[in-house]
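Residue strings, one per chain:
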Amino acid sequence: MAERPKGYGMTAEVSDVIDSKYDVEREQEALEWIMHFVPDADLEDVTGAQEVSEKLKDGIILCKLVNAIFPNSVPRINESKAAFKQMENISNFLEACVNNGCVKNDMFQTVALYEATNMAQVIDGIFALGRKAAKIGLPGIGPKESEKNVRGFTEEQLKAGREGHIGLQAGYNKGASQAGQNFGKTRAIID
């Protein structure tokens, strides 16, 4: 992991805001859910963003998780301890999640997990995968994913809605205007 300075000024403020979003209860719920699908993941006594990052940063547990939910999503899991291979595992996990329907904006960036820069987003990404798992009938975590509610209107219904109706945003105000109103001193170039 790169040794980066903590930061000063706005960098420190942004880092503090990101760190304040981390929720230990959501973390524990996510870790329990991971252990349901990956029983050999030793995550029982893990607490805190730094420990979660250390356990998940090689990407092996995450790849096993997505393969348990969507078989063969990650065909080859790198067991190497080389940094680029570990980050490749994380990238493969993220790609598999997006390919199986997770919204890309719900996921995290590889560096957010590998360098533990935004662990709240990592937990949110695991919850996004949990919603997809629940949608296909497996145990999930978090709220139920919403579904589209497409409505179909007939041409007569659309026509009836357009005819003879002045919407509230059309600007009709029964002839009133602001003409003649004068509040305070008028605007002048020279004062």
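Scroll up to find the structure this text is about.
This write-up is about the structure you can find in this document. The model shown is predicted, which means the values in this text are computed figures rather than measured ones.

Comments concerning the overall build of the protein chain
For the protein chain, the helix and strand inventory stands at eight helices and zero strands. Counting from the amino terminus, the protein chain carries its helices and strands in the arrangement α-α-α-α-α-α-α-α. Of all 191 residues assigned to the protein chain, the portion counted as buried reaches 32%. For the protein chain, the share of sequence-separated contacts (at least 6 apart) that also reach a separation of at least 24 residues comes to 52%. When the accessible surface of the protein chain is totalled, it reaches about 13200 Å², and 52% of it is carbon and sulfur.

Here we look at the packing of helix α4 (residues 60–69) against helix α7 (residues 119–135)
At a closest axis distance of 11 Å, the pairing of α4 and α7 adopts a crossing angle of 15°. Here α4 is positioned roughly parallel relative to α7, judged by the angle of their axes. Read as a crossing pair, α4 and α7 show a hand that is left-handed. Contact residues: α4 offers L62, L65, V66 and I69, while α7 offers I126, L129 and A133. Grouping the constituent residues of the contact of α4 with α7 by class yields seven nonpolar, no polar and no charged.

Description of the nonpolar core
Core analysis: the largest hydrophobic core is formed by 42 residues, its most contacted members being W33, F93, F108, I126 and L129. Within the residue set of this core, elements represented by two or more residues are α2 (24–37), α3 (49–56), α4, α5 (83–99), α6 (110–114) and α7. With nine residues, α7 is the largest single contributor of residues to this core. Apart from residues no more than four positions distant in its own chain, F93 is found in contact with L62, C63, V66, V74, M107, F108 and L129.

Details of the environment of I60
Residue placement: I60 occurs in helix α4. When the C-alpha positions of I60 and A41 are compared, they lie 9.4 Å apart, and in sequence the two are 19 residues distant. Once residues lying within four places of it in the same chain are set aside, the contact partners of I60 are I77, N78, E79 and N89.

Here we look at unusual backbone geometry
One non-glycine residue, N72, adopts positive backbone phi at about 60°. The topology assignment puts N72 in the loop between α4 and α5. Its identity as a non-glycine residue notwithstanding, A116 has a phi of 55°, on the positive side. Relative to the assigned elements, A116 resides in the loop between α6 and α7.

What about the pattern of salt bridges?
All told, the structure shown has seven salt bridges when counted by the stated rule. Across the pair E145 and K132 runs a salt bridge, and its minimum N-O distance is 3.0 Å. Placement of E145 in the loop between α7 and α8 (155–162) and of K132 in helix α7 is noted, with a sequence separation of 13 residues between them. Judged by its relative accessible area of 19%, E145 is buried.

Quick notes on the environment of K81
In this structure, K81 sits in the loop between α4 and α5. Separated by 23 residues in sequence, K81 and D58 place their C-alpha atoms 7.5 Å apart. Setting aside its immediate chain neighbours within four residues, K81 contacts D58 and Q86.

Looking at the packing of α2 against α7
It is at 10 Å that the axes of α2 and α7 come closest, and there the two elements cross at 50°. The angle between α2 and α7 falls in the class oblique. Of the two elements, α2 crosses α7, and the hand of that crossing is left-handed. For the pair α2 and α7, the contacting residues are R26, E27, E29, A30, W33 and I34 in the first and I123, D124, I126, F127, L129, G130 and A133 in the second. Split into classes, the residues belonging to the contact of α2 with α7 amount to eight nonpolar, one polar and four charged.

Thresholds applied
Residues numbered from 1 in each chain as written. Predicted model: local features only at pLDDT ≥ 70, side-chain atom pairs only at ≥ 80, totals over all residues. Heavy atoms only, no water. Helix = DSSP H or I, 4+ residues; strand = E, 2+ residues; numbered from the N terminus. Buried < 20%, exposed > 50% of the residue type's maximum accessible area, 1.4 Å probe, protein only. Contact = heavy atoms within 4.5 Å. Areas by Shrake-Rupley, 256 points an atom, 1.4 Å probe, with all protein chains shown as cover. Axes fitted to C-alpha atoms, helices over the stretch in contact; angles between N-to-C directions. Parallel < 35°, antiparallel > 145°, perpendicular 65-115°, else oblique. Left-handed = near helix turned anticlockwise from the far one by under 90°. Nonpolar A, V, L, I, M, F, W, Y, C, P; charged D, E, K, R; others polar. Core = buried A, V, L, I, M, F, W, Y, C linked by side-chain atoms within 4.5 Å. Salt bridge = Lys/Arg side-chain N within 4 Å of Asp/Glu carboxyl O.

None of the figures reported here should be taken as evidence of function without further support.
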